[in-house]
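Residues per chain, in single letters:
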There are 6 protein chains.
Amino acid sequence: VNPDPIPDPPDSAHFDRQGRARMVDVGGKPATERVATAVAIVELRPEIRARLLAGDLPKGEGLAVARIAGIQAAKETSRLIPLCHPLALSSVAVDFAPEGEDRIRVEATARCIGPTGVEMEAMTAAAIAALTLYDMTKSLQRGVRIRSLELIEKRGGRSGDWSAR
Amino acid sequence: VNPDPIPDPPDSAHFDRQGRARMVDVGGKPATERVATAVAIVELRPEIRARLLAGDLPKGEGLAVARIAGIQAAKETSRLIPLCHPLALSSVAVDFAPEGEDRIRVEATARCIGPTGVEMEAMTAAAIAALTLYDMTKSLQRGVRIRSLELIEKRGGRSGDWSAR
Amino acid sequence: VNPDPIPDPPDSAHFDRQGRARMVDVGGKPATERVATAVAIVELRPEIRARLLAGDLPKGEGLAVARIAGIQAAKETSRLIPLCHPLALSSVAVDFAPEGEDRIRVEATARCIGPTGVEMEAMTAAAIAALTLYDMTKSLQRGVRIRSLELIEKRGGRSGDWSAR
Amino acid sequence: VNPDPIPDPPDSAHFDRQGRARMVDVGGKPATERVATAVAIVELRPEIRARLLAGDLPKGEGLAVARIAGIQAAKETSRLIPLCHPLALSSVAVDFAPEGEDRIRVEATARCIGPTGVEMEAMTAAAIAALTLYDMTKSLQRGVRIRSLELIEKRGGRSGDWSAR
Amino acid sequence: VNPDPIPDPPDSAHFDRQGRARMVDVGGKPATERVATAVAIVELRPEIRARLLAGDLPKGEGLAVARIAGIQAAKETSRLIPLCHPLALSSVAVDFAPEGEDRIRVEATARCIGPTGVEMEAMTAAAIAALTLYDMTKSLQRGVRIRSLELIEKRGGRSGDWSAR
Amino acid sequence: VNPDPIPDPPDSAHFDRQGRARMVDVGGKPATERVATAVAIVELRPEIRARLLAGDLPKGEGLAVARIAGIQAAKETSRLIPLCHPLALSSVAVDFAPEGEDRIRVEATARCIGPTGVEMEAMTAAAIAALTLYDMTKSLQRGVRIRSLELIEKRGGRSGDWSAR
């Protein structure tokens, strides 16, 4: 038994019947409130992390730079991910917290009122904020790693709410 | 003993002595050839992966879309990562391979001849190509995960060659 | 008799009474469904066309690259055509078909629900997809030509439906 | 006899041996001066053309808007045409002239000193300038047509000079 | 007595309670008509100004270039000002008038129907139009100065109408 | 006597002999080091300024957001100011200092090694950083004003060094 069969590509799929990439038509879908949260985990040496979080790296601006980068990236999502729709985001938030001894958790939440979800916006914000942390620490430590990037929650839309928490 | 002490932020760091974010001056550095390769691992159910790779998803265009997205993102790096320099990339390549039963390996290589490295360009290309795969499969499987994103090789520049392979 | 007199620039024209360029006010117009289709014809040697269409050029990715380029360009229209309004496109599709012995027909359709039409979005998508085909074949044939670019259909909006088919 | 056999894709082609799209490596090519000129022909009713050219449409700004659009588009080429390299353009010029009774000729010339040509930059500038003329006249005449878009001259680079004039 | 106490940051502020930058949530706000007008004053030598305004500089295109630059910049506001929301602008107008002996007044008006105001769009349009005038005259006069940039009127939204005129 | 006659537009002017806007050809100019510094003065109530500078507004991130906005804007200059050339900036720095009782001084310095100056990059960075301060304080005070924006120093290039200090 396969408890979770693969559906045929529904009308929200990115390809038409001949297999050609297209931007799906969301014109008939109602505008509802959508929220999505994604998390990226950045792994870096405890001392580097300490400097970044405590602001001994420079005045805490490290996190501010990454936060702004994530927010800006959310607004660029439809230009980065080819088949995404342009969206009028109603808010984006990006936050950081230490996890374990050597990880920083980057959490990004995007919201809009629209016909399509903001999953990719949250994922993109988390990815770019994490890459910015990488960029700011790469002269101090080689091999900083983004250890995972995933959606953890999604609300609104036809497919209903979902949470990995 | 700490075999790998944290250096003081060198002139290539992103902050000045007062801790303010700035774009580092690379004006005095010679233009040399730079290469960097980054890898992202995307984890998705074997059946979905099979469809994506074999082109049973639509005609293999799935990988083409992600490849183009990664290439384009590499060119956008300095607009996405706030303290990166604009670069005249001389090439970008993005490729995909299956790994294990349920993973796709996204490998991105960027090159330029310039005063600063292309590490962030390779990382950004891999990240956005992986996010595009996510976007194209998310209607078929919830919880697709980008399992890691890291640099695996870097050549050129003052700090010398480096490889995690 | 002039069966088709030039109207005075209506309120939808791009210039104010003093002749200065401006972005027309569409604030009072209702949001309705808009569709537009544009076609570009690319002329290239039969053998080159054969390779492009049959995928003997490389695996059909040539068309995929051009399709993505067209879709992405549609989303950029208001940044490329100075007096266009930003639009929340609900879909974009770009397709290719052989015509005669030496032509490829590029057809782009854009849709939105909004106060203004998507004519320029369809035209821009067709133009950039055609230019991408040009770019991908220019090392094989000099003098590839885009032979025409025109609107063929338009639905929705105050001025009613129109078709050149 | 085939007087003009199709060459195998040279190293300047956009696909690697496996047929995957990539941005070609231009890192080993010397920087030389490159110039390219492209022409687009816009066909519109004589009265509309007269108003546009004579400035009876509004003060000649119509042409200025299209000229600026073309220049700006040339600078965006590597973001619009997926496999183009970012280039430091040294100049762009866009000009307009009447042709016959009902055509406007849009001529765009791009220059750079670099390892790769500016053919796509000239083509893109001509295309977007022509689309802007279309946009500015579309409320006055339906069915304005861009009748052709082609390269007419190219200088510099390994493949030598070429002219269609 | 302090007749105008500083309010606590309301829900429209850009920072959350912990002081982190975020894009404010406008999802619950109704879409209403918004208008804002900003003015920049550019100060330049009377002879230079005369050439610019009279079109003895080249054919008046100087003002057209600056006008287009301002209009385009208004559409880019959310990408330039990090915490601004993307907006579907319904119109933008930029105009110029002489003031006193050596000043040009740049006036920019932006409109939209949306949940948030267009103050930053008007300010950005005025700023970039003024910078473009600066750019076009800087080879003729050193030390051209933008003497002020401010909002002069704002209508719509919860906080009511406001005018500095 | 006119001690400072207006020169005829030199080859570095933005218009050709017929008065049409164009992007000047810098192809024949050598690449030399260029530096430019611009200053914007923002005027706001002492209490608001105190909160912004002391970080009682939120944790000093206000200045970090404006700094990043200015740095990012410098990299966008050639897309915002229509006749500017794309440049490979080698560094950008943006800083803030109180002046008098109610002003903040925004100072932006741009550098590159190239054939053309970075004056517009410094001006654009200062303008957008100042607008970001405006954006972050506008919910606390109406009528924040950017009181001036001007170049204060410029080094490198044919026209020699210049300083307004």
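Here we summarise the structure given alongside this text. (Residues numbered from 1 in each chain as written. Chains lettered and ligands numbered in written order. Predicted model: local features only at pLDDT ≥ 70, side-chain atom pairs only at ≥ 80, totals over all residues. Heavy atoms only, no water.)

### Here's the deal with the overall build of chain A
The following threshold applies: Strands here are runs of E lasting at least two residues and helices are runs of H or I lasting at least four, both read from the DSSP assignment and numbered beginning at the N terminus. In this description, contact between two residues means that some pair of their heavy atoms is separated by no more than 4.5 Å. Using the Shrake-Rupley algorithm and a 1.4 Å probe, accessible areas are obtained, with residue cover drawn only from the displayed protein chains.
Broken down by element type, chain A carries 4 helices and 5 strands. Listing every helix and strand of chain A by position from the N terminus yields β-α-α-α-β-β-α-β-β. A sequence separation of at least 24 residues applies to 70% of the contacts in chain A between residues at least 6 apart. Total accessible area computed for chain A in this model is approximately 6000 Å², and 48% of it derives from carbon and sulfur atoms.

### Thoughts on the pairing of strand β2 (residues 89-99) of chain D
Inclusion rule: Pairing between strands is defined by DSSP: at least two bridges between the two strands are required.
The sheet contact formed by β2 of chain D and strand β3 (residues 103-114) of chain D spans 10 bridges and is antiparallel. Considered in β3 of chain D, the bridge of Val94 of chain D is made with Ala108 of chain D.

### What about the side chain of Thr109 of chain C?
Residue and element names in this part refer to chain C. Rules: Residue exposure (1.4 Å probe, protein chains only): buried if accessible area is under 20% of the type maximum, exposed if over 50%, otherwise partly exposed. Pairs of N or O atoms are called polar contacts if they sit within 3.5 Å, as long as, within protein, a hydrogen donor faces a hydrogen acceptor (for residues adjacent in sequence, only side-chain-to-side-chain pairs).
Tracing the chain through its elements places Thr109 in strand β3 (residues 103-114). Classification of Thr109 as buried rests on a relative accessible area of 17%. Within the structure, the side chain of Thr109 is placed 2.9 Å from the side chain of Thr37, a separation counted as a polar contact. Not counting residues up to four positions away in its chain, the partners in contact with Thr109 are Val35, Ala36, Thr37, Ser91, Val92 and Ala93.

### A short note on helix α2 (residues 61-75) of chain C
Filter applied, for reference: Helix span, expected: 1.5 Å multiplied by one less than the number of residues in the helix.
With 15 residues, α2 of chain C extends 21 Å between its outermost C-alpha atoms, agreeing within 8% with the 21 Å of an ideal straight helix rising 1.5 Å per residue. Among the 15 residues that make up α2 of chain C, 15 are buried, leaving the element largely enclosed by the rest of the structure.

### Topic: the pattern of salt bridges
Using the following cut-off: For this analysis, a salt bridge means a side-chain nitrogen from Lys or Arg found within 4 Å of a carboxyl oxygen belonging to Asp or Glu.
Under the criterion given, the structure shown has 90 salt bridges over all chains. Among the ionic pairs, Arg145 of chain A bridges to Glu150 of chain B, the shortest N-O distance being 4.0 Å. Of this pair, Arg145 of chain A sits in strand β4 (residues 145-155) while Glu150 of chain B sits in strand β4 (residues 145-155), on two different chains. On the basis of relative accessible area, Arg145 of chain A is assigned to the partly exposed category, the value being 22%. When its relative accessible area of 25% is taken as the criterion, Glu150 of chain B is described as partly exposed. A salt bridge links Glu43 of chain F to Arg145 of chain F; the nearest nitrogen and oxygen atoms lie 3.7 Å apart. Of the two residues, Glu43 of chain F is situated in strand β1 (residues 32-43) and Arg145 of chain F in strand β4 (residues 145-155); the sequence distance between them amounts to 102 residues. By relative accessible area, Glu43 of chain F is classed as buried at 18%. Taken together, the shared-partner salt bridges in this structure form one network comprising Glu76 and Arg79 of chain A, Glu76 and Arg79 of chain C together with Glu76 and Arg79 of chain E.

### Brief notes about the side chain of His85 of chain F
Mapped onto the elements, His85 of chain F comes out in the loop between α3 (77-80) and β2 (89-99). One polar contact links the side chain of His85 of chain F to the main-chain carbonyl oxygen of Val24 of chain F, over a distance of 2.5 Å. Not counting residues up to four positions away in its chain, the partners in contact with His85 of chain F are Leu89 and Ser90 of chain D together with Met23, Val24, Val26, Ser78, Thr116 and Glu121 of chain F.

### What to know about the environment of Tyr134 of chain E
Relative to the helices and strands, Tyr134 of chain E is located in helix α4 (residues 119-137). Accessibility expressed as a relative area gives 1% for Tyr134 of chain E, which makes it buried. Ignoring anything within four residues of it in the chain, the contact list for Tyr134 of chain E reads Val144 of chain E together with Glu119, Met120, Met123 and Leu151 of chain F. Among the polar contacts made by the side chain of Tyr134 of chain E, one reaches the side chain of Glu119 of chain F at a distance of 2.7 Å.

### A look at the pairing of strand β3 (residues 103-114) of chain A
Residue and element names in this part refer to chain A. Taken together, the 12 bridges between strand β1 (residues 32-43) and β3 define a ladder with antiparallel strand orientation. Bridge pairing in β3 places Ala38 opposite Ala108. With antiparallel pairing between neighbouring strands as the criterion, strand β2 (residues 89-99) and β3 make up a hairpin whose turn holds 3 residues, including Gly100 at a positive phi of roughly 60°.

### Some points on the packing of helix α2 (residues 61-75) of chain D against helix α2 (residues 61-75) of chain E
Rules: All axes here are fitted lines through C-alpha atoms, helices being fitted over the stretch that makes contact, and every angle between N-to-C directions spans 0 to 180 degrees. Convention used here: angles under 35 degrees read as roughly parallel, angles over 145 as roughly antiparallel, angles from 65 to 115 as roughly perpendicular, and any remaining angle as oblique. What makes a crossing left-handed is the near helix being turned counterclockwise from the far one by less than a right angle; a clockwise turn instead makes it right-handed. Side-chain classes are defined by residue name, with Ala, Val, Leu, Ile, Met, Phe, Trp, Tyr, Cys and Pro counting as nonpolar, Asp, Glu, Lys and Arg as charged, and the others, Gly among them, as polar.
Where α2 of chain D meets α2 of chain E, the axes come as close as 9 Å, and the angle between the chain directions of the two elements is 55°. Judged by the inter-axis angle, α2 of chain D sits oblique to α2 of chain E. In terms of crossing hand, the pair formed by α2 of chain D and α2 of chain E is right-handed. Mapping the contact onto sequence places Glu61, Ala64, Val65, Arg67 and Ile68 of chain D in α2 of chain D and Glu61, Ala64, Val65, Arg67 and Ile68 of chain E in α2 of chain E. Looking at the contact of α2 of chain D with α2 of chain E residue by residue, the classes come out as 6 nonpolar, no polar and 4 charged.

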